[in-house]
Amino acid sequence: MQRPNDPLAQRTLFNFNLTGPDLYEVFGKYGPIRQIRLGNNSDLKTKGTAYIVFESPDDAREAQTHLNGFHLMERYIVVLYHHPSKQQASALAKAEIRAREQALADEKRRLGMQD
């Protein structure tokens, strides 16, 4: 469980394409919103996502509880917490695996071994 002062616990991520004022109207009912960022880059696959940063993690939890699966404009929205630290850890683990695989391939080449 995240600590109450953890800024990551205050972030909410969902897949849907709305305007900023629409999001303030929908999510603002659950507490003060510090920031809303809309994803609009289809190349980076951020189009249709938004980051809603609440002042309080309790408000973010309340919004997630009430709005996940909420039917809005002929669609259902998905509300999730965003955990960039998990994404960064995953990227580091993948980079470490690639480095180990490269080191193994170099050692096999040095020893004249083939796969």
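Conventions adopted
Residues numbered from 1 in each chain as written. Predicted model: local features only at pLDDT ≥ 70, side-chain atom pairs only at ≥ 80, totals over all residues. Heavy atoms only, no water. Helix = DSSP H or I, 4+ residues; strand = E, 2+ residues; numbered from the N terminus. Buried < 20%, exposed > 50% of the residue type's maximum accessible area, 1.4 Å probe, protein only. Contact = heavy atoms within 4.5 Å. Areas by Shrake-Rupley, 256 points an atom, 1.4 Å probe, with all protein chains shown as cover. Core = buried A, V, L, I, M, F, W, Y, C linked by side-chain atoms within 4.5 Å. pLDDT = per-residue confidence, 0-100. Salt bridge = Lys/Arg side-chain N within 4 Å of Asp/Glu carboxyl O. Lys, Arg positive; Asp, Glu negative; His and termini not counted. Arc of directions from axis to C-beta. Polar contact = N/O pair within 3.5 Å; in protein donor to acceptor, adjacent residues only side chain to side chain.

Chemist: Please explain the overall build of the protein as it appears in this structure.
Modeler: In terms of helices and strands, the protein carries three helices and six strands. The order of helices and strands in the protein, counted from the N terminus, is β-α-β-β-α-β-β-β-α. Taking all 115 residues of the protein together, 30% fall into the buried category. Counted over contacts in the protein with a minimum sequence separation of 6, partners at least 24 positions apart contribute 54%. When the accessible surface of the protein is split by element, carbon and sulfur atoms take 51% of a total near 8,400 Å².

Chemist: Got a minute to help me understand the nonpolar core in this structure?
Modeler: Generally speaking, nonpolar side chains in soluble globular proteins are found buried as a group. The biggest cluster of nonpolar side chains holds 15 residues, and the ones touching the most others in it are Leu23, Phe27, Ile33, Ile52, Phe54 and Leu67. Going through the elements one at a time, helix 1 (20–27), strand 2 (33–38), strand 3 (49–54), helix 2 (57–67) and strand 6 (79–81) are the ones with two or more residues in this core.

Chemist: Quick question: what am I supposed to make of the confidence of the model for the protein here?
Modeler: Low pLDDT marks stretches whose predicted atomic positions should not be read closely. Considering every residue of the protein, the mean pLDDT works out to 78; 77% of them sit at 70 or more. Mean pLDDT across the elements of the protein bottoms out in strand 1 (residues 11–15) (49) and peaks in helix 2 (90).

Chemist: Even after reading the chapter, I still don't get the pattern of salt bridges, so can you show me in this structure?
Modeler: Think of it this way: side chains of opposite charge can pair up when their charged atoms draw near. Evaluated as defined, the whole model comprises four salt bridges. A salt bridge links Glu107 to Arg110; the nearest nitrogen and oxygen atoms lie 2.5 Å apart. In this pair, Glu107 and Arg110 are both assigned in helix 3 (residues 84–111), three residues apart and thus about one turn of the helix distant. Relative accessible area serves as the criterion here: at 60%, Arg110 is assigned to the exposed category.

Chemist: Sorry, what's going on with the side chain of Asp59 here?
Modeler: Topologically, Asp59 is positioned in helix 2. For the buried residue Asp59, which engages in no salt bridge, the nearest side chain bearing the opposite charge is Arg34, 9.6 Å off. Once residues within four sequence positions are removed from consideration, Asp59 is found in contact with Tyr30, Gly31, Pro32 and Phe54.

Chemist: Explain helix 1 to me, please; I cannot follow it from the model alone.
Modeler: Structural remark: α-helix, 3.6 residues per turn; residues separated by three or four positions point the same way. Residues Gly20, Leu23, Val26 and Phe27 constitute the buried set of helix 1. Along the axis of helix 1, the buried positions cluster into a sector of 125°, meaning they face one direction only. Exposed and facing more than 90 degrees away from the buried side of helix 1 are Pro21 and Glu25.

Chemist: Even after reading the chapter, I still don't get helix 2, so can you show me in this structure?
Modeler: All of the buried residues in helix 2 are Pro57, Asp59, Ala60, Ala63, Gln64 and Leu67. On an axial view of helix 2, the arc spanned by its buried residues comes to 160°, and they lie on one face. Turned more than 90 degrees away from the buried face of helix 2 sit Asp58 and Thr65, all of them exposed. One side-chain oxygen of the residue at the start of helix 2 lies 3.1 Å from the amide nitrogen of Asp58, identifying that residue as Ser56.

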